[in-house]
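Descriptive analysis of the structure
Letter by letter, the chains look like this.
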Amino acid sequence: MADRINFTTFKKGQEIHNADKICTESHFIFQGLTRLYFLKDGKEITEYFSSEGEWVNSPRSFSQRTLDIYYIEALENTEVFTLKVHDLVFLFDNFPEMERYARLSMNTVFGHYLERITSMRFTSAKEKYEHFCHAYHDIYHRIPLGMIASYLGITQETLSRIRAEK
């Protein structure tokens, strides 16, 4: 089983996944911080942050083995345990508890996305930021402000004004 899991290190700023390729690996973050983002009109739009104890991959590309829009970048020097798709399938087929773990992990991600959608649609910029700080309470201080603003769908100037009010 140990031969199916690889330990990998990514340097700060290193691309972990490129949208021009099918995502064939999922990474469990041992130490570090990553972001999932896409490009719109040449601008980087941050979709998600992952840190210690979480998995990161390009979800649709990884599960459906197709191209999708997401890039993944290491925001810090990041150490991960890496599983390839076929090795994850092996684990699911041979260890039912792994499949259950994956379902529970996906429910957490799904819940996060639902909260984010609600926050994006029904709250002010200040409320979005407060929700972000609550949801990412353990890592928000490690994330560059421009990426937080992108994630929230607001300008960096608006974010600076909100932060100055505190």
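Figured I'd write up the structure that's included with this text. (Residues numbered from 1 in each chain as written. Predicted model: local features only at pLDDT ≥ 70, side-chain atom pairs only at ≥ 80, totals over all residues. Heavy atoms only, no water.)

Looking only at helices and strands, one finds 6 helices and 8 strands in the protein. Reading the protein from its N terminus to its C terminus gives the helix and strand order β-β-β-β-β-β-α-β-β-α-α-α-α-α. Its C-alpha atoms give the protein a radius of gyration of 17 Å, within 12% of the compact-globule value 15 Å for 166 residues. Seen along its three principal axes, the alpha-carbon backbone of the protein occupies a region of about 55 × 30 × 30 Å. Across the 166 residues in the protein, those meeting the buried criterion constitute 37%. Once local pairs closer than 6 in sequence are excluded, the contacts in the protein between residues at least 24 apart make up 69%. (Helix = DSSP H or I, 4+ residues; strand = E, 2+ residues; numbered from the N terminus. Rg over C-alpha atoms; globule rule 2.2 N^0.38 Å. Buried < 20%, exposed > 50% of the residue type's maximum accessible area, 1.4 Å probe, protein only. Contact = heavy atoms within 4.5 Å.)

As a further point, take the packing of aromatic side chains. According to the stated counting rule, one finds 12 aromatic pairs in the structure shown. Arranged with centres 6.4 Å apart and planes meeting at 70°, the rings of Phe7 and Phe30 form a pair that is edge-to-face. With Phe7 in strand β1 (residues 5-10) and Phe30 in strand β3 (residues 25-31), this residue pair connects regions lying 23 residues apart in the sequence. Phe7 gets classed as partly exposed once you look at its relative accessible area, which sits at 45%. Given a relative accessible area of 47%, Phe30 falls into the partly exposed group. (Phe/Tyr/Trp six-rings, centres within 6.5 Å; stacked < 30°, edge-to-face > 60°.)

Moving on to the packing of helix α5 (residues 145-152) against helix α6 (residues 156-165). Where α5 contacts α6, the axes come no closer than 9 Å and their chain directions differ by 105°. Classified by the interaxial angle, the pair formed by α5 and α6 is roughly perpendicular. Counted together, Leu145, Gly146, Ile148, Ala149 and Leu152 of α5 and Gln156, Leu159 and Arg163 of α6 form the full contact between these two elements. Residues that form the contact of α5 with α6 fall into these classes: 5 nonpolar, 2 polar and 1 charged. (Axes fitted to C-alpha atoms, helices over the stretch in contact; angles between N-to-C directions. Parallel < 35°, antiparallel > 145°, perpendicular 65-115°, else oblique. Nonpolar A, V, L, I, M, F, W, Y, C, P; charged D, E, K, R; others polar.)

Let us look at helix α2 (residues 85-94). For α2, every residue scored as buried is listed here: Val85, Asp87, Leu88 and Leu91. An end-on view of α2 places all buried positions within 165° of arc, on one side of the element. Across α2 from its buried face, at more than 90 degrees, point the exposed residues His86 and Asp93. (Arc of directions from axis to C-beta.)

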